[in-house]
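An overview of the molecular structure
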Amino acid sequence: MKIILNNREEEFGREAMTINEMLILKKYSFRMRIIKVNGELIPREKYDSTIIQDGDKIQMLYLMSGG
Amino acid sequence: MRFPEIENNLKKFRVGIAGAGGLGSNCAASLARTGVGTLVIADFDKVEPLNLSRQYYFIDQVGMLKTIALKENLLHIRPEINIVTHQVKLNRGNIPLLFAGCDVIVEAFDAADMKEMLIETVQMELPGIPVVVGSGMAGWGNTEALRFREIDKTLYVCGDELSEASDDSPALAPRVGIVANMQANTVVEILMRKV
């Protein structure tokens, strides 16, 4: 499957995956983040139940303490 | 466009400032100078001596509520500005009430979990109101890493999205000031688009 992750095309060797699976595959480790799938914000408690499919557009924003 | 016209356009808008620390106080000062009509400022904290290292407060304001101290400073910059203050700790319940009716909301917290909470709450409970986020500004130098991203028409981020602040790597006035003003610049851009 191919998805658009932060405006860049990324390929994964599977048909579909949950958000949590994508985070593990990409080795994303930051604790606080915002994820939007096709423009819709996905709250943290739905990371295991939200399925990402071929062609989906994912926007990810990392939140760092400081301000 | 001349400044009086810019001011005249901006005075009808209302901007929410979630947190009156380094980002919020500096961003508010910049927005007040540019002519935004109303600022809605929420914070529960008091000014502490260490805050003076990067926040828009003065030594004689130590011990004051940040909302009151910031209002005082903004009125010294621009007496005609309308300031609404809320002395509360923001949460999922009160954010939709306190910031309803704002044209833009500035995310100006220090802690990453609060940033996440505010963005989630505004995007889900106040759909359509743009949020301008500050993320990643600890340390010094590395000016070229500070960037701006428009994720979509309701979510914008300023900062390097990388430098996490901690006791050993605090956020300092220069980079916090840059990011606060990037946020203010983004707010002005969003508002001027609506004119």
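Counting restarts for each chain: residues are numbered from 1 in the order of the written sequence. Key to labels: chains lettered from A, ligands numbered from 1, both in the order written. Under the rules for a predicted model, residues below a pLDDT of 70 receive no local features and side-chain atom pairs below 80 are neither given nor counted, while totals for whole chains, interfaces and linings still include all residues.

Notes on the environment of Arg92 of chain B
Residues and elements named next belong to chain B.
- Counting from the N terminus, the helices are the DSSP runs of H or I reaching at least four residues and the strands are the DSSP runs of E reaching at least two. Following the sequence through the fold, Arg92 ends up in the loop between strand S3 (82–86) and helix H4 (95–98).
- Measuring from C-alpha to C-alpha, the distance between Arg92 and Thr121 comes to 5.8 Å, with 29 residues separating the pair along the chain.
- Throughout, a residue-residue contact means that the two C-beta atoms, derived from backbone geometry, are no farther apart than 7 Å. Not counting the four nearest positions on each side in its chain, Arg92 is found in contact with Met117 and Thr121.

Some points on the interface of chain A and chain B
- Contacts between the two partners involve 14 residues from chain A and, on the opposite side, 32 residues from chain B.
- Those elements giving two or more residues to the side of chain A that touches chain B turn out to be strand S4 (33–37) and strand S7 (57–62) of chain A.
- Element by element, the count of residues in the side of chain A that touches chain B is highest for S7 of chain A, at 3 residues.

Quick notes on the nonpolar core
Residues and elements named next belong to chain B.
- Here a nonpolar core is just a set of buried residues of the types Ala, Val, Leu, Ile, Met, Phe, Trp, Tyr and Cys, joined wherever their C-beta atoms sit within 7 Å. Every C-beta atom is placed from the backbone, and the number of other C-beta atoms within 10 Å of a residue's own sets its class: buried at 20 or more, exposed at 12 or fewer, partly exposed in between. Within the largest apolar cluster, 67 residues are counted, with the highest numbers of intra-cluster contacts made by Val15, Ile17, Ala28, Leu39 and Val106.
- If one sorts the elements of this core by residue count, helix H6 (residues 173–193) sits on top with 8 residues.
- Not counting residues up to four positions away in its chain, the partners in contact with Ile17 are Gly24, Cys27, Ala28, Leu39, Val40, Ile41, Val106 and Ala108.

Things to note about the sheet that holds strand S1 (residues 14–18) of chain B
All names here are of chain B.
- By the convention used here, strands pair only if DSSP detects at least 2 bridges between them. Here 7 strands make up an open sheet; going across it, the order is S3-S2-S1-S4-S5-S7-S6 and the pairing mixed. In the strand order of this sheet, the two ends are held by S3 and strand S6 (147–152), each with one partner. Across the sheet, the axes of successive neighbouring strands diverge by a mean angle of 20°, strand direction being ignored.
- As judged from the 2 bridges shared by strand S4 (residues 104–107) and strand S5 (residues 131–134), these two strands associate in the parallel manner. The residue bridging Val106 from the neighbouring strand is Val132, located in S5.
- Throughout, an axis means a line fitted to C-alpha atoms (over the contacting stretch in the case of helices), and angles, computed between N-to-C directions, take values from 0 to 180 degrees. Its contacts with the sheet put helix H5 (residues 112–125) on S1, S4 and S5, and the angle it makes with S5 is roughly 170°.

Some details on the pairing of S7 of chain A
Residues and elements named next belong to chain A.
- In this sheet, S7 lies alongside strand S1 (residues 2–5) in parallel orientation, the contact comprising 2 bridges. Looking at S7, one finds that Ile4 is bridged to Lys57.
- Bridge count between S4 and S7: 5 bridges; the pairing is antiparallel. Of the residues in S7, the one forming a bridge with Val37 is Ile58.

Looking at the sheet that holds S4 of chain A
- Here we have 5 strands laid out as an open sheet, ordered S2-S1-S7-S4-S5 (chain A), and mixed in their pairing. One side of each edge strand has no neighbouring strand; the edge strands of this open sheet are strand S2 (8–11) and strand S5 (40–41) of chain A.

Considerations on helix H2 (residues 22–34) of chain B
All names here are of chain B.
- Multiplying 1.5 Å by the residue count of a helix minus one yields the expected span of that helix. For H2, spanning 13 residues, the distance from its first C-alpha to its last is 19 Å, which sits close to the expected 18 Å at 1.5 Å a residue.
- Where burial is concerned, most of H2 is hidden: 11 out of the 13 residues are buried.
- Within H2, burial applies to Gly22, Leu23, Gly24, Ser25, Asn26, Cys27, Ala28, Ala29, Ser30, Leu31 and Ala32.
- Of the surrounding elements, those touching the buried residues of H2 are S1, strand S2 (38–42), helix H3 (66–77), S4, S5 and H6.
- Gly35, located one to two residues past H2, shows a positive phi value of around 115°.

Regarding H3 of chain B
Residues and elements named next belong to chain B.
- Here H3 contains 12 residues, and its C-alpha end-to-end distance of 16 Å stays within 8% of the 16 Å for a straight helix at 1.5 Å per residue.
- Of all the positions in H3, only Lys66, Thr67, Ala69, Leu70 and Leu74 are classed as buried. Summarising the axial view, the buried residues of H3 lie within an arc of 165°, below the 170-degree limit, and thus occupy one face.
- Tucked into the core, H3 has its buried residues touching H2, S2 and S3. This arc is taken over the directions from the axis of the helix to the C-beta atoms.

What to know about the pairing of S1 of chain B
Residue and element names in this part refer to chain B.
- A large share of S1 lies buried, amounting to 4 of its 5 residues.
- Both S1 and S2 contribute to a ladder of 5 bridges, which runs parallel. Bridging across to S2, Arg14 finds its partner in Thr38.
- Sheet topology places S1 next to S4; 4 bridges connect them, and they run parallel.

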